Amino acid sequence: VMFTDIVGSTEMTARLGDAGALELVRVHNALVRRGLALHHGREIKHTGDGIMAAFDKVADSVRAAADIQQRFASYNADASESLRVRIGIHAGEPVADHNDLFGTTVQLAHRLCSEAEADGVIVSGLVRELSDEDQARFVVLGERRLKGFTERTPVFRFEWRDKYENGVI
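Figured I'd write up the structure that's included with this text. All figures in this text were calculated on a predicted structure; none of them were measured in a lab.

**With respect to the overall build of the protein**
When you go through the protein residue by residue, the secondary structure sums to four helices and nine strands. Shown N-terminal to C-terminal, the secondary structure of the protein runs as helices and strands in the order β-α-β-β-α-β-β-β-α-β-α-β-β. Here the C-alpha radius of gyration of the protein, 15 Å, is about what a compact globule of 169 residues would show, namely 15 Å. Its C-alpha atoms give the protein principal-axis dimensions of roughly 45 × 40 × 30 Å. For the protein, buried positions account for 44% of its 169 residues. When contacts within the protein are restricted to residue pairs at least 6 apart in sequence, those whose partners lie at least 24 apart make up 62%. Side chains of the protein carry 21 positive and 26 negative charges; the gap between the two charge centres is 2 Å.

Structure below.
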């Protein structure tokens, strides 16, 4: 399960007004939906300033997150008003009911999204373990006590930027 969240959406609305902010939410939706479509993700619901999505394969969710962040970076390179998102991903078996998902998996993915920085992708230890991405791209952030959870959760930042973008060869 993946959550996206527009960083600073309340401030954006105050600055741009409802109509201006809505236009940026539409940009967010289009960019996220393109990434989901390319990587076999399914939009479950719109959260107002983000999207909850599900994937059958963990590797697809991580690739989609990287693709989505790259789309936002490209958009922001030419935009007069930048749009930054954070993404959280957790793996598990959510409870499905009436075309929606519920349960611990969903709640943990949402909490991980809240932990992410602007332009960041935060994943659980289970996502890192099940992903076929290069393990070096997952930066250990340690174990965190996430709101509502008694157990500490291993948290990793996924480095989605191409190594050449970062000046490393």
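**Considerations on unusual backbone geometry**
Across the chain, the bulk of peptide bonds are trans and the bulk of non-glycine residues have phi less than zero. In this structure, Asn99 is a non-glycine residue whose phi angle is positive, near 60 degrees. Summarising the element assignment, Asn99 is placed in the loop between strand S5 (95-97) and strand S6 (100-102). Residue classification places Asn99 among the exposed residues on the basis of a relative accessible area of 75%. Despite not being glycine, Asp119 shows a phi value in the positive range, around 70 degrees.

Rules used in this analysis
Residues numbered from 1 in each chain as written. Predicted model: local features only at pLDDT ≥ 70, side-chain atom pairs only at ≥ 80, totals over all residues. Heavy atoms only, no water. Helix = DSSP H or I, 4+ residues; strand = E, 2+ residues; numbered from the N terminus. Rg over C-alpha atoms; globule rule 2.2 N^0.38 Å. Buried < 20%, exposed > 50% of the residue type's maximum accessible area, 1.4 Å probe, protein only. Contact = heavy atoms within 4.5 Å. Lys, Arg positive; Asp, Glu negative; His and termini not counted. Charge placed at Lys NZ, Arg CZ, Asp CG, Glu CD.

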